[in-house]
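Below are the chains, spelled out letter by letter.
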Amino acid sequence: MVFSQTFAQTNILGFYNVENLFDTEDDPLINDAEFLPTGANQWTTERYFIKLQNMSSVLKGVNADVIGLAEVENRKVLEDLVQHPNLIAKRYQIIHFDMDDGRGIDVALLYKPSVFKPFKIVKLPIADPREPKFKTRDILWVKGLFQGDTLHFIVNHWPSRSGGGKEDKRLLAAQVLRRAIDSVMAINPNSKMVMVGDFNDDPNNKSIKKILCAENEKQEEILVNASEPTFKKGYDTLYYNGIWNLFDQIIISKNLEQGVQHYVPSSFTVYVTPDMLEKEGRYAGAPRRTFRSGQFDENGFSDHLPVYI
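Presented here is an overview of the structure given in this document. Everything numeric here is computed off the predicted structure, so don't read it as measured data.

1. Some details on the overall build of the protein
When helices and strands are tallied, the protein shows 5 helices and 16 strands. Over its C-alpha trace the protein gives a radius of gyration of 18 Å, about what one expects of a compact globule, namely 19 Å for 309 residues. Dimensions of the protein, computed from C-alpha atoms along their principal axes, come out at roughly 55 × 50 × 40 Å. In the protein, the share of contacts with a sequence separation of at least 24, taken over all contacts with a separation of at least 6, comes to 69%. Counting every atom, the protein has about 14,300 Å² of accessible surface; 50% of that belongs to carbon and sulfur. Put simply, the protein has 36 plus and 41 minus side-chain charges, and the middle of one group is 4 Å from the middle of the other.

2. Remarks on unusual backbone geometry
The phi angle at glutamine 42 is positive, at roughly 45°, despite the residue not being glycine. Mapped onto the elements, glutamine 42 comes out in the loop between β1 (13-21) and α1 (45-62).

3. Observations regarding the sheet that holds strand β6 (residues 139-146)
Hydrogen bonds between backbone atoms are what pair the strands of a sheet, whose relative direction is either parallel or antiparallel. One open sheet accounts for 6 strands, arranged β5-β6-β7-β8-β12-β9; its pairing is mixed. Sheet topology places β5 (116-124) and β9 (223-225) at the edges, where each strand pairs with a single neighbour. Shown here is a sheet whose adjacent strand axes are inclined to one another by a mean of 20°, direction ignored. With 5 bridges connecting them, strand β8 (residues 193-198) and strand β12 (residues 248-253) associate as antiparallel partners. Within the sheet, the bridge partner assigned to valine 196 lies in β12 and is isoleucine 250. Along the sheet, helix α3 (residues 167-187) makes contact with β5, β6, β7 (149-157), β8, β9 and β12, crossing β6 at roughly 30°.

4. Considering a nonpolar patch on the surface
The grouping of Tyr239, Trp244 and Tyr283 at the surface amounts to a nonpolar patch, some 260 Å² of accessible area in total. With respect to the helices and strands, tyrosine 283 occurs in the loop between β13 (269-270) and β14 (291-292).

5. Some points on the sheet that holds strand β2 (residues 66-72)
Read across the open sheet, the 6 strands follow the order β3-β4-β2-β1-β16-β13; overall the sheet is mixed. A strand with exactly one partner marks an edge of an open sheet, and here the two such strands are β3 (93-96) and β13. Across 4 bridges, β3 lies against strand β4 (residues 106-111) in antiparallel orientation. When the bridges of β4 are listed, isoleucine 95 appears paired with leucine 109. Together, β1, β2 and β16 (307-308) form the strand contacts of α1, whose direction differs from that of β1 by roughly 170°. In the packing of helix α2 (residues 75-82) onto the sheet, contacts are made with β1, β2, β3 and β4, and the angle to β3 comes to roughly 160°.

6. A short note on the environment of glycine 281
Position of glycine 281 among the secondary structure elements: in the loop between β13 and β14. Exposure remark for glycine 281: the relative accessible area of 56% places this residue in the exposed category. The spacing of glycine 281 and phenylalanine 97 is 184 residues in sequence and 39 Å in space, taken between C-alpha atoms.

7. Remarks on the side chain of threonine 269
By secondary structure assignment, the location of threonine 269 is in strand β13. Accessibility expressed as a relative area gives 7% for threonine 269, which makes it buried. A polar contact is formed between the side chain of threonine 269 and the backbone oxygen of serine 267, at a distance of 2.9 Å.

8. Section: the side chain of asparagine 200
Locating asparagine 200 in the fold gives a position in the loop between β8 and α4 (206-211). If we ignore the near neighbours within four places in the chain, the residues touching asparagine 200 are Arg137, His157, Trp158, Pro159, Ser160, Arg161, Arg170 and Phe247.

9. Here we look at the packing of aromatic side chains
Per the stated rule, a full pass over the model turns up 10 aromatic pairs. When the centroid spacing of 6.1 Å and the interplanar angle of 45° are considered together, the rings of tryptophan 43 and phenylalanine 291 count as tilted. With tryptophan 43 in the loop between β1 and α1 and phenylalanine 291 in strand β14, this pair connects stretches of sequence that are 248 residues apart. In this pair, the class of tryptophan 43 matches that of phenylalanine 291, namely buried.

Calculation criteria
- Residues numbered from 1 in each chain as written.
- Predicted model: local features only at pLDDT ≥ 70, side-chain atom pairs only at ≥ 80, totals over all residues.
- Heavy atoms only, no water.
- Helix = DSSP H or I, 4+ residues; strand = E, 2+ residues; numbered from the N terminus.
- Rg over C-alpha atoms; globule rule 2.2 N^0.38 Å.
- Contact = heavy atoms within 4.5 Å.
- Areas by Shrake-Rupley, 256 points an atom, 1.4 Å probe, with all protein chains shown as cover.
- Lys, Arg positive; Asp, Glu negative; His and termini not counted.
- Charge placed at Lys NZ, Arg CZ, Asp CG, Glu CD.
- Pairing = 2+ DSSP bridges.
- Axes fitted to C-alpha atoms, helices over the stretch in contact; angles between N-to-C directions.
- Patch = residues over 30% accessible without salt bridge, like charges linked within 9 Å, V, L, I, M, F, W, Y side chains within 5 Å.
- Salt bridge = Lys/Arg side-chain N within 4 Å of Asp/Glu carboxyl O.
- Buried < 20%, exposed > 50% of the residue type's maximum accessible area, 1.4 Å probe, protein only.
- Polar contact = N/O pair within 3.5 Å; in protein donor to acceptor, adjacent residues only side chain to side chain.
- Phe/Tyr/Trp six-rings, centres within 6.5 Å; stacked < 30°, edge-to-face > 60°.

Structure (structure tokens):
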């Protein structure tokens, strides 16, 4: 589904889970042993540069003005990414914090300063008081000037389903985000928000529908899930445990459906080109990953597809 519509004077806002964008250096503060030259993935400089080439080619195609990223190790990999020949002309600036995640992966934001001018950046930690050792990515909340008005751009990577579930942790993440939304709206009910991320849940799951309240069918709700119509049509962003899912979503405040600064209706898009998909075998049609069955694929990209509005 490559976006082919054109609109006058529009900007692209997106999200991409780049799947384990690690450098080759040992960081003693995180568990990056797999992604070292001597590690299980034999993560050499050559392989790292191939990963940067493939990720940057996708981001060049998406051509977002503001885009959230997930599964980046640190600021260095982001600097290497935006300085790649595929992207350097876009002059992306970086917003990133090291986060207290068990695997050492973070979320981040890339933006074109000619379009988006951040003036407030905060992290929302997701902590479970019943489980003090639980670690996951923070929610990255960036407030800035966009198209002459204030916009809140929020990047998420909620706790994964690996290991058999953890729904309670995604419900917790939804609660943290919803409380922050309500706090901002209580001060200014006209606040405009764009939430992007890998929510590790589909648009119809409890964390999105019941806790975050991105409920398109209820007029009284303040959030609209731009991803839901695409999900209902059967389009997805990843193939997990034999099932297709649309974990990568974009949710907006309802006040962005109209006005000068507004969401172009039905513009939510799963970006994909033929080379980003497996061509044969049991995973034919699924996103082409960096590693397949433990083997490095120099033509692989990520286990997720990027999305944008």
